[in-house]
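Topology and contacts: notes
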Amino acid sequence: MILVIMGPPGAGKGTQASRLAAELGIPQVSTGELLREARRDGSEVGQRAAINMDAGTLVPDEVVMTLIERRLEQQDCGSGAILDGFPRTVAQAVQLDDMLERSGRQVDRVVSISVTEDEIVERILGRLTCGQCGAVYHRTTKPTAREGHCDLCGGLVSSRSDDNEEAVRIRLQTYSNLTAPVLDYYGGAGRLASVDGSGGLDEVFNRVQGAL
Ligand code: AP5
């Protein structure tokens with residue numbers, strides 16, 4: 001089963017995808033996290049992607065397609081995956097359909113999470129991310145048990161380098177220009193469900209499950 005979780009920056013895609021992954025027993029595949037991993041490894045791909053990521057613009061389609069293709073070929077994705085933050089352009093969505101078709105698979109369902117711009121800014125500016133394992137927290141809605149340290153691996157948590165007002169403004173603009181059209185692509189094919197992302201984590205999770 002291939003599920004896609006879409007939504008603007010800070011809508012809660014990663015948070016909900018991670019819960020769904022635990023619930024369904026299939027991996028969460030986040031292109032943002034794959035790119036951050038490449039940065040942590042100091043690879044050339046990661047260093048080049050860093051320029052786009054910190055500016056709030058998209059990493060070129062061909063870079064992301066290579067990363068996602070390699071990831072979906074891995075054994076743990078054999079029964080499916082929850083795609084988080086991908087596809088983000090119509091070109092990526094078309095290439096994903098082609099790639100899946102070659103292995104006899106398809107995108108089964110797309111869930112789009114919507115949240116107001118004020119809530120997005122509040123969520124992003126309060127977010128803390130573990131520099132070691134990528135786990136996500138929030139200063140008020142999901143604090144770490146020990147201040148400054150990840151509950152899962154003990155690594156240091158901090159704000160992401162693209163979680164500042166200037167980059168968030170550009171990420172929102174990029175979403176509306178390049179990613180929102182992907183919703184029309186999936187809506188036309190009858191695969192799309194929209195979910196209200198306001199309210200608490202459990203409330204939104206119940207809505208996401210309902211949409212599936
Ligand atoms: P990516 O990492 O995908 O960032 P994003 O899309 O901007 O989304 P975020 O990770 O900011 O937010 P989210 O929706 O996952 O929210 P979260 O669950 O963390 O991409 C980063 C960059 O990489 C891009 O800008 C681009 O450069 C590049 N990139 C990635 N994919 C690409 C692609 N396919 N093509 C090209 N370039 C690509 O939640 C946010 C906060 O809110 C957290 O603190 C959380 O705890 C809190 N929260 C969540 N839900 C709730 C709730 N219901 N109530 C209260 N708090 C909540």
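Let me sum up the structure you'll find in this document. All values derive from a computational prediction rather than experimental measurement. (Residues numbered from 1 in each chain as written. Predicted model: local features only at pLDDT ≥ 70, side-chain atom pairs only at ≥ 80, totals over all residues. Heavy atoms only, no water.)

**Some details on the packing of helix 4 (residues 61-72) against helix 5 (residues 90-102)**
- Contact geometry for helix 4 and helix 5: axes closest at 11 Å, N-to-C directions at 30 degrees. Between helix 4 and helix 5, the angle is such that the two are roughly parallel. Remark: the crossing between helix 4 and helix 5 carries right-handed chirality. Between helix 4 and helix 5, the residues in contact are Asp61, Val64, Met65, Ile68, Glu69 and Leu72 and Ala91, Gln92, Gln95, Leu96, Met99, Leu100 and Arg102, respectively.
- Counted by class, the contact of helix 4 with helix 5 contains eight nonpolar, two polar and three charged residues. (Axes fitted to C-alpha atoms, helices over the stretch in contact; angles between N-to-C directions. Helix = DSSP H or I, 4+ residues; strand = E, 2+ residues; numbered from the N terminus. Parallel < 35°, antiparallel > 145°, perpendicular 65-115°, else oblique. Left-handed = near helix turned anticlockwise from the far one by under 90°. Contact = heavy atoms within 4.5 Å. Nonpolar A, V, L, I, M, F, W, Y, C, P; charged D, E, K, R; others polar.)

**Some points on the side chain of threonine 129**
- Topologically, threonine 129 is positioned in strand 5 (residues 127-130).
- Under the relative-accessibility criterion, threonine 129 is labelled buried at 8%.
- Apart from the residues within four sequence positions on either side, threonine 129 is in contact with Gly134, Ala135, Leu156, Val157, Ser158 and Arg160. (Buried < 20%, exposed > 50% of the residue type's maximum accessible area, 1.4 Å probe, protein only.)

**What to know about the site of the ligand**
- Around the ligand, the surrounding shell holds 34 residues, and the nearest of these are Thr15, Thr57, Arg88, Arg127 and Arg171.
- A distance of 2.9 Å separates an oxygen atom of the ligand from a polar backbone atom of glycine 10.
- Note that an oxygen atom of the ligand is positioned 2.6 Å from one of the side-chain N or O atoms of arginine 127.
- For the ligand, the protein covers 97% of the area, taking 1,000 Å² as the surface of the free molecule.
- Secondary-structure elements contributing two or more residues to the shell around the ligand are helix 1 (13-24), helix 2 (31-41), strand 6 (136-138) and helix 8 (201-211). (Near = heavy atom within 4 Å. Polar contact = N/O pair within 3.5 Å; in protein donor to acceptor, adjacent residues only side chain to side chain. Areas by Shrake-Rupley, 256 points an atom, 1.4 Å probe, with all protein chains shown as cover.)

**Considering the state of the cysteines**
- Under the defined criterion, the tally for this structure stands at zero disulfides.
- No disulfide involves cysteine 77; its nearest neighbouring cysteine sulfur is the one of cysteine 133, lying 19 Å away.
- With relative accessibility at 0%, the residue cysteine 77 sits in the buried group.
- A disulfide-free cysteine, cysteine 153 has its sulfur positioned 3.5 Å from the sulfur of cysteine 130, the nearest such atom.
- Accessibility expressed as a relative area gives 33% for cysteine 153, which makes it partly exposed. (Disulfide = S-S within 2.5 Å.)

**Here's the deal with the sheet that holds strand 5**
- Strand order in the open sheet formed by three strands is 6-5-7, with antiparallel pairing between adjacent strands. With partners counted over all chains shown, the strands left at the sheet margins are strand 6 and strand 7 (157-158), one partner each.
- Two elements, strand 5 and strand 6, share three bridges in a ladder whose sense is antiparallel. In the strand pairing of strand 6, leucine 128 is matched with tyrosine 137.
- Packed onto the sheet, helix 6 (residues 117-126) meets strand 5 and strand 6 and runs at close to 40 degrees relative to strand 5. (Pairing = 2+ DSSP bridges.)

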